[in-house]
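The residues making up each chain are set out below.
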Amino acid sequence: MGKYYDISRLLSKKDLNGKTPELFIVTGNRTAGKTFSAKRTIFEDFLNDNKRKFMLQYRYNYELSDCENSFFSDIAQLYPPDFEMHAKSEMRGAYKVLYLNDTECGFATFLNNADTIKKVSSRFIEVENRFMDEFQSETEHYCENEISKFISIQNSIARGFGKQTRYVRNILCGNNVSILNPYYKALGIQKRLESDTKFLRGDGWVLEVTENQAAKEALLSSGFNRAFSESNYVQFASSNKYMLDTYSFVRKLETKDKYYYCTITINDGVLGTAENIGVWINKDCLYFSSKANEKFKLKFAFDANSHFEDTYLLSQLSETAMSFKRYYNAGKAWFENVDIKKEMLDILSYL
């Protein structure tokens, strides 16, 4: 890979069925140029044909404040100095209309306003690109029913010209935060990622995992970041090895200084056959192990198929369930082997 990331390779890929995807996802280390390349691509599409407008997709309404400048400021260096971008709000701030000088070039909206976008869908019939940056939240702060709202807006804008649906390309960029994000969950990505994944294809989507060495070196050249080089944040920001490495957080269980916390039951779908995973704990970490205490009374299940007479069925919002996810997101959950890790990630991704 060159010094700067180029999204054109991803956009040339076909999906699992050999068709042109409508969803392109790129994730990787910070400052690799993912966002810059995506912005430039959708802006160039408009310059080449002013009917190819774009939509900037945000989560919350406050993110629309000055979004026109945050979008254009870093790519402005590529264009004539008389290029200026400004915006006007419509529908009481439900969305913004973006202008390049005096020409309408796109829109900006937020997920929590999906219902309004549906009502005025005809306003967006010239949108051909939708772009969402930071699709993985570093603080796990997602909208309620975020994926449903993301899909709803897509269905709203992909109408027009006498068709129920038309092609609208979606580009999602983000840094490697957690494989337990709602987009990976909805697409089943968390079940298929491996440590050496570069491209992953699905039905209607393609994912690229990129690691820009120049960006990594630039990030670690900072004395401030070197000072915190052992922190989880700097490790995931500079490389892809924190959350996406299949063998990360896999460690043989040593029971010394740990006590048995509970048992998790997982049914493989065959009546009467279930696997028990033992959960061990100390003051700092959780350990998921094949060493399960069959006589221990505290036994949990996460779905109806795994729920038996001797288990407690946990809701997604129960304190016990959420504590498991907090341990994992904090980098304090360990797994005896890769198989147990994959099984537990499948559970954690639904919390």
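Our subject is the structure listed above.
One structure accompanies this document, and this report is about it. (Residues numbered from 1 in each chain as written. Predicted model: local features only at pLDDT ≥ 70, side-chain atom pairs only at ≥ 80, totals over all residues. Heavy atoms only, no water.)

1. Some details on the packing of aromatic side chains
In plain terms, the rule: Each Phe, Tyr or Trp ring, with Trp reduced to its six-membered ring, pairs with another whose centre is within 6.5 Å; inter-plane angles below 30 degrees give stacked pairs, above 60 give edge-to-face pairs, and intermediate values give tilted ones. Helix and strand assignments follow DSSP, with helices taken as H or I runs no shorter than four residues and strands as E runs no shorter than two, numbered in order from the N terminus. Any residue under 20% of the maximum accessible area for its type is buried, any over 50% is exposed, and the rest in between are partly exposed; the area is computed with a 1.4 Å probe on protein chains only.
Tallied over the full model, the rule gives 22 aromatic pairs. Summarising the aromatic geometry, the rings of F43 and F72 are spaced 5.3 Å apart at their centres and angled 55 degrees between planes, so their arrangement reads as tilted. One end of the pair, F43, is in helix α2 (residues 34-48); the other, F72, is in helix α3 (residues 67-72), with 29 residues separating them in the sequence. According to the relative accessible area criterion, F43 is buried, its value standing at 0%.

2. Some words on the layout of surface pockets
Basically, it comes down to this: Think of a 1 Å grid over the protein atoms and nothing else: a 1.4 Å probe that fits but is trapped marks a cavity, an open set flanked by protein within 12 Å on at least five of seven lines marks a pocket, and residues with an atom within 4 Å of a point count as lining. Grid points are joined across faces, edges and corners, and a volume is the space filled by probe spheres set on the points. Each residue gets one label: Ala, Val, Leu, Ile, Met, Phe, Trp, Tyr, Cys and Pro are nonpolar, Asp, Glu, Lys and Arg are charged, and the others, such as Gly, are polar.
Estimates place the volume of the largest pocket at around 590 Å³. What lines the largest pocket is a set of 22 residues, and nearest its centre among them are Y142, P182, K185, K325 and L351. For the lining of the largest pocket, the elements supplying multiple residues, two or more each, are α5 (146-157), α6 (182-187) and α10 (319-329). Ranked by residue count, the leading element in the lining of the largest pocket is α10, at four residues. The residue inventory of the lining of the largest pocket, partitioned by class, reads 10 nonpolar, six polar and six charged.

3. Focus on the sheet that holds strand β2 (residues 53-58)
Worth spelling out the cut-off: Between any two strands, pairing holds if DSSP finds at least two bridges. Axis definition: a line fitted to C-alpha atoms, limited for helices to the stretch in contact. Angles are taken between N-to-C directions and run from 0 to 180 degrees. Contacts: residue pairs with any heavy atoms within 4.5 Å of one another.
Ordered in space as β3-β4-β5-β2-β6-β7-β1-β9-β8, the nine strands form an open sheet in which the pairing is mixed. The open sheet terminates on both sides in strands that have one partner only, identified here as β3 (85-90) and β8 (199-202). On average, each strand axis in the sheet is tilted by 20 degrees relative to the strand beside it, whichever way the strands run. By the bridge criterion, six bridges tie strand β1 (residues 23-28) to strand β7 (residues 169-175) in an arrangement that is parallel. Across the sheet, L23 pairs through a bridge with N170, a residue of β7. Packed onto the sheet, α5 meets β2, β5 (103-110), β6 (127-132) and β7 and runs at close to 160 degrees relative to β6.

4. Observations concerning the pairing of strand β12 (residues 286-289)
For a regular strand, the rule is simple: side chains alternate between the two faces of the sheet. Taking every second residue as pointing to the same face, both faces of β12 are buried, with L286 and F288 on one and Y287 and S289 on the other. Bridge count for strand β11 (residues 274-281) against β12 is four bridges, and the pairing is antiparallel. Along β12, the bridge assignment pairs W280 with Y287. The hairpin turn running from β11 into β12, its antiparallel successor, is four residues long. Where β12 lies against strand β15 (residues 333-335), three bridges are found, and the strand directions are parallel. The residue bridging Y287 from the neighbouring strand is W334, located in β15.

5. A closer look at the environment of A114
Positionally, A114 belongs in helix α4 (residues 114-119). A relative accessible area of 6% places A114 in the buried class. Placed 34 residues apart in sequence, A114 and S148 show a C-alpha to C-alpha distance of 9.2 Å. Residues within four places of A114 in sequence aside, it is in contact with K149, S152 and I153.

6. Brief notes about the nonpolar core
The criterion, for reference: To define a nonpolar core, start from buried Ala, Val, Leu, Ile, Met, Phe, Trp, Tyr and Cys residues and group those joined through side-chain atoms within 4.5 Å.
Membership of the largest hydrophobic core comes to 65 residues, with the highest contact counts inside it found for F124, L207, I264, F288 and F324. Counting residues per element, this core draws most heavily on helix α11 (residues 338-348), at five residues. In this view, F124 contacts M55, Y95, F107, I117, I157 and R166; residues no more than four positions away in its chain are not counted.

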